[in-house]
Amino acid sequence: MINSNSAPLGMAVTPHHLASESALAILRKGGNAIEAMVAAAAAIAVVYPHMNGLGGDGFWLIVPPQGDPLAIDASGAAGSLATLALYAGEQRIPHRGPKAALTVAGTVGGWQEALAYAAELGGKPLPLSSLLADAIRYAADGIPVTASQEAATRSKRHELADLEHFAQIFLPRGEIPRCGQRFCQPKLAETLITLAEQGLDSFYRGELAQRMAADMALLGMPLTAQDLATYRPRRRTPLRLAHQQGEVFNLTPPTQGLVSLAILGLADRLPLARQSEGATVHAIVEATKLAFGLRDRHITDPAHMTQDPQALLEADRLDLLARQIDGERAADWGNGKGPGDTVWMGVMDSSGLAVSFIQSIYHEFGSGVVLPNSGVLWQNRGASFSLDAGHLLALAPGKQPFHTLNPAAARLYDGRTLVYGAMGGDGQPQTQAAVFIRHVVQGLPLQQAISAPRWLLGRTWGDSSDSLKLESRFGAETIDYLRQRGHQVELLPDFSEAVGHAGAIVRHTNGMLEGAFDPRSNGSAAGF
């Protein structure tokens, strides 16, 4: 699809069309963008279970019609039993199994906090039962398996098949659910019904929380009922970048929102408006390397940081850093953080309220640990901790892990408002830069900016190479240009999930809403 979709009253963009429709249904009922996003978040937790779920984390970037944007950090900390001693003798935290499921899941708490903020904005709230209705039905009655879920199950089966409760749901009768087959999650449906009836807080405090904590203890997870009970999401002031085209917003640490803004800030100091495709990719990749350096030196749990991240985006600092970019030669760099599966979603309503949102369980299927009495698949975000006590990301009970997640938004000087984002670990800031620069700086139409071939500097799943990976739709001239400048280029399939699922919504100055989704996903841009 090359043409974007436009509508006057509401727009939702998600990587699964059923989630887009759930959001749209709430907007049609008079709900606001935040309520619509909760409905989409609940639905996509069911229909894209390999990429996100109730057992994961979330981050919100909310841009009201007037006034300052608000960020919500809905990520959980390491459990009280997650000590270095627990992992004694291991080189790193495992990616699968109970010891990988070591951080509190913040997603549901984020929904609750976002709805509380929506109530502060005014208006009559819709009942929680309406917001969760689609998710409940999809979990209970089933949804058609996507090709993405089938592929993820097939590629990760060897890592997950021995996890009993995972296999019962995601490998029924020992078989990989095929694309188009009906896929049901009855226990998860019961959990969603409980949340609708007893409130979102019951995920952390109450009978549901006690049942989940009992499962955690039985499975050997380093989390307790007290860890759940003490969890609270945090409201944050977003990071800001002063760009020639407007003001760009992103999330504070422990996310890598700083990286996304730094790439745009560095690229803003280069003459990209009329550059060739090869020169544009080279410039963004070189800016990415420098931004990753900032990340690896500074970003951790904000309570443990010694550097103000906003100060790293000051003009003089970016000026100095940008001088290191060689337009004719690729710089050496270290190692990336690797891939990560996530969903980005955006919603705008007729009042001017806009939401950029990310929800994730980190690796495909997270830790692979399913709590048997709730059907909740738990994340493995804590795998980003280090077992080196002297490391910036050293594991400690109550410490937040590093997050690749970072939803983005911008208020442009021409009067437009933009929300945008992508999934994909190291690829998130790179894809954000590609979308923003192509559309805002170079003037490419919105859907074309997302559909156009993309790249990934770093590793894909099961790959030890930190090469520059390009979708093979790039022209030979661009590929040759990059190789001539010293980039180690590898080619990906034409529309590869390795470069993430991107999306964007623009509010134009006449109030019209324009949405674009990623053809690499099962998504849609749905409006009315």
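For the protein chain, an unreviewed UniProt entry supplies the name Gamma-glutamyltransferase and the organism Serratia odorifera DSM 4582.

K.L.:
Can you walk me through the pattern of salt bridges in this structure?
P.N.:
Should their charged atoms come close, side chains of opposite charge can pair. According to the stated counting rule, one finds 24 salt bridges in the structure shown. The shortest N-O distance in the salt bridge between Asp 201 and Arg 205 comes to 2.7 Å. A relative accessible area of 23% means that Arg 205 is categorised as partly exposed. Here the residues in one salt-bridge network are Arg 454, Glu 471, Arg 473, Asp 518 and Arg 520, joined through shared partners.

K.L.:
Would you take a moment to explain the nonpolar core for this structure?
P.N.:
One finds Ile 34, Leu 54, Trp 60, Trp 111, Phe 203 and Trp 378 to be the most contacted residues of the largest nonpolar core, which totals 88 residues. No other element matches the 14 residues that helix H2 (residues 33-47) contributes to this core. Two domains each provide a minimum of three residues to this core, namely domain 1 (10-146 + 181-235 + 341-384) and domain 2 (147-180).

K.L.:
Which parts of the structure should I look at to understand empty space enclosed by the protein?
P.N.:
Any empty space left between atoms is shown by rolling a water-sized probe over those atoms. The final tally for this structure, using the stated rule, is two cavities of 30 Å³ or more. Put simply, the largest cavity is a space of about 90 Å³. If you go around the largest cavity, the residues you meet are Ala 45, Pro 49, Asn 52, Gly 53, Leu 54, Gly 55, Phe 170, Gln 185, Leu 188, Gly 375, Val 376 and Leu 377. If you add up the space inside the second largest cavity, you get close to 50 Å³. Together, Val 13, Thr 14, Pro 15, Trp 344, His 501, Ala 502, Gly 503, Phe 517, Asp 518 and Ser 521 line the second largest cavity. Counting only elements with at least two residues in the lining of the second largest cavity, the list comes to strand S2 (10-14) and strand S19 (502-507). Taken together, the residues of the lining of the second largest cavity break down into five nonpolar, four polar and one charged. When residues of the lining of the second largest cavity are assigned to domains, at least three map to each of domain 1 (10-146 + 181-235 + 341-384) and domain 3 (237-338 + 409-519).

K.L.:
In this structure, what is going on with the sheet that holds strand S8 (residues 239-243)? I would like to understand it.
P.N.:
Pairing between the strands of a sheet is mediated by backbone hydrogen bonds and can be parallel or antiparallel. Across the sheet, seven strands lie side by side as S1-S20-S19-S15-S14-S9-S8; this open sheet has antiparallel pairing. In this open sheet, the two strands that pair with only one neighbour each are strand S1 (5-7) and S8. For this sheet the average axis-to-axis angle between neighbouring strands, irrespective of direction, equals 15°. Here strand S15 (residues 417-422) pairs with S19 via six bridges, running antiparallel. Paired with Val 419 across the strands is Ile 505, a residue of S19.

K.L.:
Help me out: how do you make sense of the environment of Thr 103 in this one?
P.N.:
Examined against the element boundaries, Thr 103 turns out to sit in the loop between strand S4 (70-74) and helix H3 (107-121). With a relative accessible area of 0%, Thr 103 lands in the buried category. Between the alpha carbons of Thr 103 and Asp 227 there is a distance of 9.0 Å; along the sequence they are 124 residues apart. Here Thr 103 is in contact with Gly 76, Ala 77, Ala 78, Gly 79, Leu 223, Trp 378, Gln 379, Arg 381, Gly 382, Phe 385 and Pro 401, once residues within four sequence places are set aside. Here Gln 379 takes part through its side chain, which lies 3.0 Å from a polar atom of the side chain of Thr 103.

K.L.:
Mind showing me how you'd approach H3 here?
P.N.:
Given 3.6 residues per helical turn, the α-helix brings residues three or four places apart onto the same face. End to end, H3 covers 21 Å across 15 residues, agreeing with the expected 21 Å (1.5 Å per residue, within 8%). Looking at the residues trailing H3, positive phi occurs at Gly 122, about 100°.

K.L.:
What exactly am I supposed to notice about the side chain of Ser 360 here?
P.N.:
Position of Ser 360 among the secondary structure elements: in strand S11 (residues 354-362). Note on Ser 360: relative accessible area 1%, which makes it buried. Here Tyr 362 takes part through its backbone nitrogen, which lies 2.8 Å from a polar atom of the side chain of Ser 360.

K.L.:
Would you explain the pairing of strand S9 (residues 246-250) in this entry?
P.N.:
Sheet faces and side chains relate simply in a regular strand, where the side chains alternate between the two faces. Where burial is concerned, most of S9 is hidden: four out of the five residues are buried. Here S8 hands over to S9 after two residues, the two strands then running antiparallel side by side. Pairing between S9 and strand S14 (residues 408-412): four bridges, direction antiparallel. What sits directly across from Gly 246, in S14, is Leu 412.

K.L.:
Sorry if this is basic, but what is going on with the domain arrangement of the protein chain here?
P.N.:
Where interface size is quoted, it is often the accessible area lost as the parts come together. One can read the domain layout of the protein chain as domain 1 (10-146 + 181-235 + 341-384), domain 2 (147-180) and domain 3 (237-338 + 409-519). One C-alpha centre belongs to domain 1, the other to domain 2, and the line joining them spans 21 Å. Counting residues at the interface gives 21 residues for domain 1, matched by 20 residues for domain 2. Contact between domain 1 and domain 2 buries roughly 1800 Å² in total, counting both sides, with carbon and sulfur atoms accounting for 67%. One can count two salt bridges joining domain 1 with domain 2. Arg 96 serves as the salt-bridge partner of Glu 159, at 2.8 Å between the closest nitrogen and oxygen. Class assignment for the residues of the side of domain 1 that touches domain 2 results in eleven nonpolar, seven polar and three charged.

K.L.:
Help me understand the packing of helix H4 (residues 128-141) against helix H7 (residues 186-198) in this model?
P.N.:
Describing two packed helices takes the angle between their axes plus the distance from one axis to the other. Two elements in contact, H4 and H7, have axes whose closest approach is 8 Å; the angle formed by their N-to-C orientations is 170°. One way to sum up the angle between H4 and H7 is to call them roughly antiparallel. Of H7, the residues touching H4 (which contributes Leu 128, Ser 129, Leu 132, Ala 135, Ile 136, Ala 139 and Ala 140) are Pro 186, Leu 188, Ala 189, Leu 192, Ile 193, Leu 195 and Ala 196.

K.L.:
Whenever I open this one, the environment of Asp 215 confuses me. Can you help?
P.N.:
Summarising the element assignment, Asp 215 is placed in helix H8 (residues 207-219). The spatial distance from the C-alpha of Asp 215 to the C-alpha of Gln 430 is 39 Å, given a sequence separation of 215 residues. Excluding its chain neighbours within four sequence positions, the residues that come into contact with Asp 215 are Leu 371, Pro 372, Asn 373 and Ser 374.

K.L.:
Even after reading the chapter, I still don't get the sheet that holds strand S16 (residues 455-457), so can you show me in this structure?
P.N.:
With respect to topology, three strands assemble into an open sheet ordered S16-S17-S18, the strand pairing being mixed. The sheet terminates laterally at S16 and strand S18 (489-492), the two strands that pair on one side only. Each strand of the sheet is rotated relative to its neighbour by a mean of 25°, with strand direction disregarded. Both S16 and strand S17 (residues 468-471) contribute to a ladder of three bridges, which runs antiparallel. Bridging across to S17, Leu 457 finds its partner in Leu 468. This element, helix H11 (residues 277-298), spans S16 and S17 of the sheet and lies at about 30° to S16.

Cut-offs used in this document
- Residues numbered from 1 in each chain as written.
- Predicted model: local features only at pLDDT ≥ 70, side-chain atom pairs only at ≥ 80, totals over all residues.
- Heavy atoms only, no water.
- Salt bridge = Lys/Arg side-chain N within 4 Å of Asp/Glu carboxyl O.
- Buried < 20%, exposed > 50% of the residue type's maximum accessible area, 1.4 Å probe, protein only.
- Core = buried A, V, L, I, M, F, W, Y, C linked by side-chain atoms within 4.5 Å.
- Helix = DSSP H or I, 4+ residues; strand = E, 2+ residues; numbered from the N terminus.
- Domains from an automatic or database assignment.
- 1 Å grid on protein atoms, 1.4 Å probe; cavity = no way out; pocket = protein on both sides within 12 Å on 5 of 7 lines; lining within 4 Å.
- Points joined across faces, edges and corners; volume = space filled by probe spheres on them.
- Nonpolar A, V, L, I, M, F, W, Y, C, P; charged D, E, K, R; others polar.
- Pairing = 2+ DSSP bridges.
- Axes fitted to C-alpha atoms, helices over the stretch in contact; angles between N-to-C directions.
- Contact = heavy atoms within 4.5 Å.
- Polar contact = N/O pair within 3.5 Å; in protein donor to acceptor, adjacent residues only side chain to side chain.
- Expected span 1.5 Å × (residues − 1).
- Buried area = accessible area lost by both parts, 1.4 Å probe.
- Parallel < 35°, antiparallel > 145°, perpendicular 65-115°, else oblique.

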